[in-house]
Amino acid sequence: MIDVAVVGAGISGLSVALRLQKAGVNVKVFEKEEKVGGNIQTEEIEGFLCELGPQTILADKKVEEFLSLAGIKPLYAKEEAKIRYIYKKGKLVPLPMSPLSFLTSPLLSLSAKLRVLKEPFIPKSIKKEESIAEFVKRRLGQEFLDYIVEPFVSGVYAGDVNKLSVKYAVRRVYELEQRFGSLIKGAIKLKALGPGGRLISFEGGNHTLPSHLAKALDVDVENVVLKIRRKDDHFVIDSRKGKFSARAVVISAPATSAGYLLRELSWSAAQEFDSIYYAPVVVVHAHTRDSIPPGFGFLVPRKEGKRILGVLFSSNIFEGRKGNLLTIYLGGATDPQVVEEDDDLISATVEKELKEILGVDVNILKITKWKKAIPQYNLGYGKFYELAETLEKEHPGLFLTGNYLKGVSVADCIRNSEDLANRVLEFL
Ligand SMILES: Cc1cc2nc3c(=O)[nH]c(=O)nc-3n(C[C@H](O)[C@H](O)[C@H](O)COP(=O)(O)OP(=O)(O)OC[C@H]3O[C@@H](n4cnc5c(N)ncnc54)[C@H](O)[C@@H]3O)c2cc1C
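Parameters and conventions
- Residues numbered from 1 in each chain as written.
- Predicted model: local features only at pLDDT ≥ 70, side-chain atom pairs only at ≥ 80, totals over all residues.
- Heavy atoms only, no water.
- Near = heavy atom within 4 Å.
- Polar contact = N/O pair within 3.5 Å; in protein donor to acceptor, adjacent residues only side chain to side chain.
- Areas by Shrake-Rupley, 256 points an atom, 1.4 Å probe, with all protein chains shown as cover.
- Phe/Tyr/Trp six-rings, centres within 6.5 Å; stacked < 30°, edge-to-face > 60°.
- Helix = DSSP H or I, 4+ residues; strand = E, 2+ residues; numbered from the N terminus.
- Buried < 20%, exposed > 50% of the residue type's maximum accessible area, 1.4 Å probe, protein only.
- Salt bridge = Lys/Arg side-chain N within 4 Å of Asp/Glu carboxyl O.
- Domains from an automatic or database assignment.
- Contact = heavy atoms within 4.5 Å.
- Buried area = accessible area lost by both parts, 1.4 Å probe.
- Nonpolar A, V, L, I, M, F, W, Y, C, P; charged D, E, K, R; others polar.

## Notes on the site of the ligand
Around the ligand sit 35 residues, and of these Ser12, Glu31, Asn39, Asn403 and Val408 come closest. Gln55 is positioned with one of its backbone polar atoms (N or O) 3.1 Å from an oxygen atom of the ligand. Here Ser257 contributes a side-chain N or O atom positioned 3.5 Å from a nitrogen atom of the ligand. Surface burial for the ligand is 90%, taken as the share of its 1000 Å² of free accessible area covered by protein chains.

This is how it looks when you write it as structure tokens:
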């Protein structure tokens, strides 16, 4: 009898497993793939360190605490990674980083800047739920939405601002309006608008993190879990390699798999979770011999009519990385068909648009297609949170986690593991 079975060796599953093991619990992690890490995958190609999934992790105090619990040292991003650009009318415009640079930046017109200054006087919405587009247009105006928020949302969610729920996708921003009546007033009072923290990766790339965590744990790779059922006071885990019994189960697999595994406990949960939309993303790694600008990279507002969502100047971000590596993102909820296109067409699109935007010629190293990349916290998403809570209540000892609940970033997944581990310990 295992104390806790964790299904999925992505960052959500591994981080909760590590916390439980440190608390003296007997944990076994089941992973269907040959490699751990889930979305976090790094490959070295011709000496270039290519991140196929997440590029950087925004580490706050909680994440740093977890890394020191795990005994792994992060690699901090270089100072120049603070420089970011937005592509506008044929040029890369630096993203303003202070109120003064915002006022002098060519990114927004004078009337758009004046519209932003009205924000503290705009009343709260009386609508139950708003999309990010509705919320930002109401508080900050159309141009702010088009040239600042929409590209940022592409960068995090590869999402559609008309569909994402402000309450669930950018909860922090939503709460600023709820608490302070204004984003500007709230940001001044809290001395911050964003979540804060430092950008990190690891020696050898991001996959160093899950492989380090897995070394300390009992991870059964290439062992897909097929079904989870209840038997008396414990759970039976049917896996490819056989049956296991556990007092508690943490399912950290993506929503569709989680729903499927629970089909004997709740048929409706299986169907509901399967309906969560994950936007597809195509990640292209390319090398150029031409020079690239300093900084982190740039985002492309949808209004600019390009297919590229954004480009990271990957070799600029951390010390010691082989240079001029570009990571290009396409697809997302607004252009999902890219993932179905063949590699030659994708290469041609990337080569053409990079020539237009950066004036560089590139040699494509790798194309990675994520058919289900990022869960979209769209309008009405609250029902999935409620369903997860109900399932946990109805089946004591069952716990659900993963990037489709409470945040899509790696940092969110790590932070969420603290509360989850505490709840599991309380149950045990
Ligand atoms: C292209 C891309 C770029 C991203 N960029 C960033 C970024 O720059 N910064 C950032 O913070 N975040 C980024 N993210 C988001 C972040 O990587 C993910 O949200 C996070 O890694 C998800 O972790 P997870 O453990 O919740 O899920 P996953 O990584 O999906 O892990 C779930 C695991 O469960 C396993 N599994 C599924 N079913 C079963 C089963 N039945 N039995 C056993 N195992 C099973 C899977 O094989 C997988 O290993 C990006 C994501 C993508 C796809």
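Now that the structure has been shown, we can carry on.
## Details of the packing of aromatic side chains
By convention here, two paired aromatic rings are described through the distance between centres and the angle between planes. Counted by the stated rule, this structure contains 12 aromatic pairs. Arranged with centres 6.5 Å apart and planes meeting at 50 degrees, the rings of Tyr85 and Phe313 form a pair that is tilted. Here Phe313 lies in the loop between β16 (308-312) and α13 (314-317) and Tyr85 lies in strand β7 (residues 84-88), a separation of 228 residues in the sequence. Considered together, Tyr85 and Phe313 belong to a single accessibility category, that of buried residues.

## Here's the deal with the pattern of salt bridges
Inspection of the entire model under this criterion finds 32 salt bridges. A salt bridge links Lys366 to Glu43; the shortest N-O distance between them is 3.5 Å. Remark: Glu43 occurs in strand β3 (residues 42-45) and Lys366 occurs in strand β18 (residues 363-375); sequence separation between them is 323 residues. We note a salt bridge from Arg423 to Glu392, for which the minimum N-O separation is 2.6 Å.

## As for the domain arrangement of the protein
When its domains are assigned, the protein resolves into domain 1 (2-41 + 57-74 + 203-276 + 378-427), domain 2 (108-193) and domain 3 (278-375). Between the C-alpha centres of domain 1 and domain 2 the distance comes to 32 Å. Contacts between the two partners involve 7 residues from domain 1 and, on the opposite side, 10 residues from domain 2. At the boundary of domain 1 with domain 2, total buried surface from both sides reaches about 680 Å², with 65% on carbon and sulfur atoms. Ranking the residues of domain 1 by area buried against domain 2 places Asn378, Leu379 and Val408 at the top, with a combined share of 66%. Connecting domain 1 to domain 2 are 0 salt bridges. Linking domain 1 with domain 2 are 3 residue pairs in polar contact (both at pLDDT 80 or more), by the criterion used here. Considered class by class, the residues forming the side of domain 1 that touches domain 2 number 4 nonpolar, 3 polar and no charged.

## Here's the deal with unusual backbone geometry
Not every positive phi belongs to a glycine, and Lys89 is a case in point at roughly 45 degrees. Along the chain, the position of Lys89 falls in the loop between β7 and β8 (91-94). Residue classification places Lys89 among the exposed positions, given a relative accessible area of 67%. Within the chain, Ala158 stands out as a residue other than glycine whose phi angle is a positive 50 degrees. Inspection of the secondary structure assignment puts Ala158 in the loop between α6 (142-157) and α7 (166-169). Of the residues examined, Ala158 reaches a relative accessible area of 7% and is grouped as buried.

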